[in-house]
Amino acid sequence: TNPCLIINTGGGIGLPAACAARMLGIPFELHELNAVPGRATRYTARIAHSVYTVFPEAQRQLHFVGAQLRDYPIRYTDADKKSRVVAKEMLGIDPSLPVVIVLGGSQGAERLNNAASRAVCMNESTFFVLHQAGKNAEQYADLYRAQKKNAQVHRFVDTKTLALWYSAADCAISRAGSGTIHELLFFQVPTVLV
């Protein structure tokens, strides 16, 4: 397809594309989205024409000295933000209830899902839980129902629904992935990161 530029976001899967770009003389950019670059990404930085990072910590790594700092590329704009009250109403939640979102849907998040659901069930306060639980969503939905907790549990939610969750949230419990952290910052959601 005769690309005029190749962009890589790191990881071993991008290494063949980086090598091909180098051999074919195609400009190649590396965008490191993590604070600590992995081995393949460190190697790729040596052959990239341009290197960009989103965390100053990554710039201090040996092969990232001189990398340019950029904002994390999130998928939302200001148009996706709603007031907390409007977002709760759009989700069918009583606007007077505090909302806690639990983002444990990614692979390997079972410990987060277990701990967060236990904490919710032990808490005697009245609030609403929006839980992205991944493959065991029904198990957590059953648990919340048995404990008479206000909750919506989904395996995963689409981008538009997640924007409503972020807007409605009074706080979040989440894994500490770079993309999620930057989205939570964008929506200004107080968060406990695991």
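Residues numbered from 1 in each chain as written. Predicted model: local features only at pLDDT ≥ 70, side-chain atom pairs only at ≥ 80, totals over all residues. Heavy atoms only, no water.

*Asks:* For the overall build of the protein chain, give the residues involved together with the corresponding values.
*Replies:* Counting its regular elements, the protein chain contains eight helices and nine strands. Its C-alpha atoms give the protein chain principal-axis dimensions of roughly 60 × 35 × 35 Å. Going through the 194 residues of the protein chain one by one, you find that 41% of them count as buried. Partitioning the contacts of the protein chain with sequence separation of at least 6, the portion at a separation of at least 24 is 48%. Within the structure as shown, the protein chain displays about 11,000 Å² of accessible surface, and the carbon and sulfur contribution to it stands at 53%. For the protein chain, the separation between the mean place of its 20 positive charges and that of its 15 negative charges on side chains is 7 Å. (Helix = DSSP H or I, 4+ residues; strand = E, 2+ residues; numbered from the N terminus. Buried < 20%, exposed > 50% of the residue type's maximum accessible area, 1.4 Å probe, protein only. Contact = heavy atoms within 4.5 Å. Areas by Shrake-Rupley, 256 points an atom, 1.4 Å probe, with all protein chains shown as cover. Lys, Arg positive; Asp, Glu negative; His and termini not counted. Charge placed at Lys NZ, Arg CZ, Asp CG, Glu CD.)

*Asks:* Would you mind going over the sheet that holds strand β9 (residues 191–193) in detail, with residue names and values included?
*Replies:* Reading across from one edge, β7-β6-β5-β8-β9 is the order of the five strands in this open sheet, with parallel pairing throughout. Looking at the sheet topology across the chains shown, the edges are occupied by β7 (150–154) and β9. Adjacent strand axes in the sheet meet at a mean angle of 15° when their direction is disregarded. (Pairing = 2+ DSSP bridges. Axes fitted to C-alpha atoms, helices over the stretch in contact; angles between N-to-C directions.)

*Asks:* Provide a residue-level description of the sheet that holds strand β4 (residues 68–69), including the pertinent values.
*Replies:* Overall, parallel pairing links the four strands, which are arranged β1-β2-β3-β4 in an open sheet. In this open sheet, the two strands that pair with only one neighbour each are β1 (6–8) and β4. Here strand β3 (residues 50–53) runs beside β4; their pairing, made up of two bridges, is parallel. Pairing of T53 across the sheet is with L69, part of β4. Helix α2 (residues 39–47) rests against β1, β2 (28–32) and β3 of the sheet, and its axis sits at about 145° to β2.

*Asks:* Now, about the packing of aromatic side chains: what can you tell me, with residues and values included?
*Replies:* Counted according to the given criterion, the structure contains four aromatic pairs. Measuring from ring centre to ring centre gives 6.1 Å for Y76 and Y166, while their planes differ by 90°; the resulting arrangement is edge-to-face. Residue Y76 is found in the loop between β4 and α4 (84–90), and its partner Y166 is found in helix α7 (residues 159–168); the two are separated by 90 residues along the sequence. You'll find Y76 and Y166 in the same group, each marked buried. (Phe/Tyr/Trp six-rings, centres within 6.5 Å; stacked < 30°, edge-to-face > 60°.)

*Asks:* Which residues make up the environment of K135, and what are the values?
*Replies:* Turning to its location among the elements, K135 is positioned in the loop between β6 (128–132) and α6 (137–146). Residues K135 and R155, 20 residues apart in the sequence, show an inter-C-alpha distance of 5.7 Å.

*Asks:* Go over the nonpolar core, please, and point to the residues and values.
*Replies:* Judged by nonpolar contacts, the single largest core of 23 residues is most densely connected at I101, L130, W165 and Y166. Contributions of two or more residues to this core are made by β5 (99–103), β6, α7 and α8 (178–186). The element that contributes the greatest number of residues to this core is α7, accounting for six residues. In this structure W165 touches L91, I101, L103, L130, H131, Q132, H154 and V157, once residues within four positions along its chain are discounted. V100, V129, A141 and Y144 belong to the second-largest nonpolar core, a separate cluster that totals 14 residues. (Core = buried A, V, L, I, M, F, W, Y, C linked by side-chain atoms within 4.5 Å.)

None of this, on its own, says anything about what the molecule does.
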